[in-house]
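What follows is the residue order along each chain.
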Amino acid sequence: MSTGSFQSAKHEDEFKKYTAELRNYGLEQLASEPTQLENDKRAILDSTQDLAFKNYKTFIKTAECSREVCSDFSSVHDEVGKIQSELPSLETQCSSFMEVCKSISLERKLNSL
């Protein structure tokens, strides 16, 4: 189950519970529900703003760290690209070196006989 569908199912379950709860309310309680919802909304908004204000420095540091990490990953990606572009040449040079080593080894064996 994806996160989106999980969240959607969670919200649907919460909505069903809330509407079932509303069906059990009396007329007076139903009449006061919009005011209660508005008060809850205001409290959540105030809490969110307070949280953002209190954690502003942390938010800024997190953003700076994220930017640095992205920059570092970009640099690493560029360096890996450079290494990958050099690998075919290195492979060719290593093969040539191995051939020279084999040739020298063979000459040494022939000379020692």
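The rules behind each value
Residues numbered from 1 in each chain as written. Predicted model: local features only at pLDDT ≥ 70, side-chain atom pairs only at ≥ 80, totals over all residues. Heavy atoms only, no water. Helix = DSSP H or I, 4+ residues; strand = E, 2+ residues; numbered from the N terminus. Rg over C-alpha atoms; globule rule 2.2 N^0.38 Å. Lys, Arg positive; Asp, Glu negative; His and termini not counted. Charge placed at Lys NZ, Arg CZ, Asp CG, Glu CD. Patch = residues over 30% accessible without salt bridge, like charges linked within 9 Å, V, L, I, M, F, W, Y side chains within 5 Å. Areas by Shrake-Rupley, 256 points an atom, 1.4 Å probe, with all protein chains shown as cover. Salt bridge = Lys/Arg side-chain N within 4 Å of Asp/Glu carboxyl O. Expected span 1.5 Å × (residues − 1). Bend = angle between axes of the 7 residues up to and from the residue. Buried < 20%, exposed > 50% of the residue type's maximum accessible area, 1.4 Å probe, protein only. pLDDT = per-residue confidence, 0-100. Disulfide = S-S within 2.5 Å.

## Some details on the overall build of the protein
Turning to step 1, where the next piece is worked out: When its secondary structure is counted, the protein shows three helices and zero strands.
Turning to step 2, where the next piece is worked out: Reading the helices (α) and strands (β) of the protein from amino to carboxyl end gives α-α-α.
Turning to step 3, where the next piece is worked out: Relative to a compact globule of 113 residues, whose C-alpha radius of gyration would be 13 Å, the protein shows 34 Å and is clearly more extended.
Turning to step 4, where the next piece is worked out: Over its C-alpha atoms, taken along the principal directions, the protein stretches across nearly 110 × 35 × 20 Å.
Turning to step 5, where the next piece is worked out: Averaging the locations of the 14 positively and 19 negatively charged side chains of the protein gives two centres separated by 4 Å.

## Remarks on a nonpolar patch on the surface
Turning to step 1, where the next piece is worked out: Where nonpolar side chains cluster on the molecular surface, the patch consists of Ile 83, Leu 87 and Leu 90 and spans about 280 Å² of accessible area.
Turning to step 2, where the next piece is worked out: Counting through the fold element by element, Leu 87 comes out in helix H3 (residues 56-112).

## Quick notes on H3
Turning to step 1, where the next piece is worked out: The end-to-end C-alpha separation of H3 is 78 Å, in line with the 84 Å expected for 57 residues at 1.5 Å each.
Turning to step 2, where the next piece is worked out: The principal kink in H3, of about 35°, is found at Leu 87, preceding the proline Pro 88 by one to four residues.

## Notes on the environment of Leu 45
Turning to step 1, where the next piece is worked out: Assignment of secondary structure puts Leu 45 in helix H2 (residues 27-54).
Turning to step 2, where the next piece is worked out: Taking the C-alpha atoms as reference points, Leu 45 and Ala 63, 18 residues apart in sequence, are found 23 Å from one another.

## Thoughts on the side chain of Glu 33
Turning to step 1, where the next piece is worked out: If you trace the backbone, Glu 33 turns up in helix H2.
Turning to step 2, where the next piece is worked out: Buried Glu 33, no salt bridge; nearest opposite-charge side chain is Arg 23, N-O distance 13 Å.

## Topic: the pattern of salt bridges
Turning to step 1, where the next piece is worked out: Overall, the coordinates contain four salt bridges when judged by the stated rule.
Turning to step 2, where the next piece is worked out: Of the charged contacts in the structure, one is a salt bridge between Lys 54 and Asp 50, with a shortest N-O distance of 3.2 Å. Note that Lys 54 and Asp 50 are positioned in helix H2 at a spacing of four residues, about one turn of the helix.
Turning to step 3, where the next piece is worked out: Lys 82 is paired through a salt bridge with Glu 79; the nearest N and O atoms lie 3.3 Å apart. Highlighted residues: Lys 82 and Glu 79, both in helix H3, separated by three residues, approximately one helical turn.
Turning to step 4, where the next piece is worked out: Judged by its relative accessible area of 42%, Glu 79 is partly exposed.

## With respect to the confidence of the model for the protein
Turning to step 1, where the next piece is worked out: On average, the protein scores 91 in pLDDT, and the residues at 70 or more come to 96%.
Turning to step 2, where the next piece is worked out: Confidence scores differ between elements of the protein, with helix H1 (residues 3-23) showing the lowest mean pLDDT of 84 and H3 the highest of 94.

## Description of the state of the cysteines
Turning to step 1, where the next piece is worked out: Summed over all chains, the structure comprises zero disulfides.
Turning to step 2, where the next piece is worked out: The cysteine Cys 65 is free of any disulfide, with Cys 70 supplying the nearest cysteine sulfur at 11 Å.
Turning to step 3, where the next piece is worked out: A relative accessible area of 46% places Cys 65 in the partly exposed class.

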